[in-house]
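Residues per chain are reported as follows:
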Amino acid sequence: MVYNNSLILTYNYAYGGATINASLVAPYEPTVLSLIDQVNEFMGQAASKPASAPWTSENALFSVWIGINDIGNSYYQSGDRDA
């Protein structure tokens, strides 16, 4: 049997429980980075294609998943619901 031995590099910037913008809806823990923070991490690290992340438009796949943590967190946290 022959298996594919290709090198596959993966970079995961996701945080479970993240909100879109922590200044609007705080995450459940202060260590959880918001989607904005996650994108900024990518921009400061792999986006510039350093030697440790030699991706090209020909061999890269990017995926973004946004859940409903903003709704859940804003429901149980205190604050102005009309805002």
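Notes on the structure in this doc start here. (Residues numbered from 1 in each chain as written. Predicted model: local features only at pLDDT ≥ 70, side-chain atom pairs only at ≥ 80, totals over all residues. Heavy atoms only, no water.)

The next thing to look at is the packing of aromatic side chains. For the structure on display, the rule yields 3 aromatic pairs. With a centroid separation of 5.9 Å and 80° between ring planes, the pair formed by Tyr 13 and Phe 42 is classed as edge-to-face. With Tyr 13 in the segment before α1 (35-44) and Phe 42 in helix α1, the pair connects residues that are 29 residues apart, well separated along the chain. Judged on exposure class, the residue Tyr 13 and its partner Phe 42 are both buried. Ring plane angle 75° and centroid distance 5.7 Å describe the contact between Phe 42 and Phe 62, whose orientation is recorded as edge-to-face. Taken as a pair, Phe 42 in helix α1 and Phe 62 in the loop between α1 and α2 (69-76) lie far apart in primary sequence, 20 residues in all. Looking at Phe 62, the relative accessible area reads 51%, which means it is exposed. (Phe/Tyr/Trp six-rings, centres within 6.5 Å; stacked < 30°, edge-to-face > 60°. Helix = DSSP H or I, 4+ residues; strand = E, 2+ residues; numbered from the N terminus. Buried < 20%, exposed > 50% of the residue type's maximum accessible area, 1.4 Å probe, protein only.)

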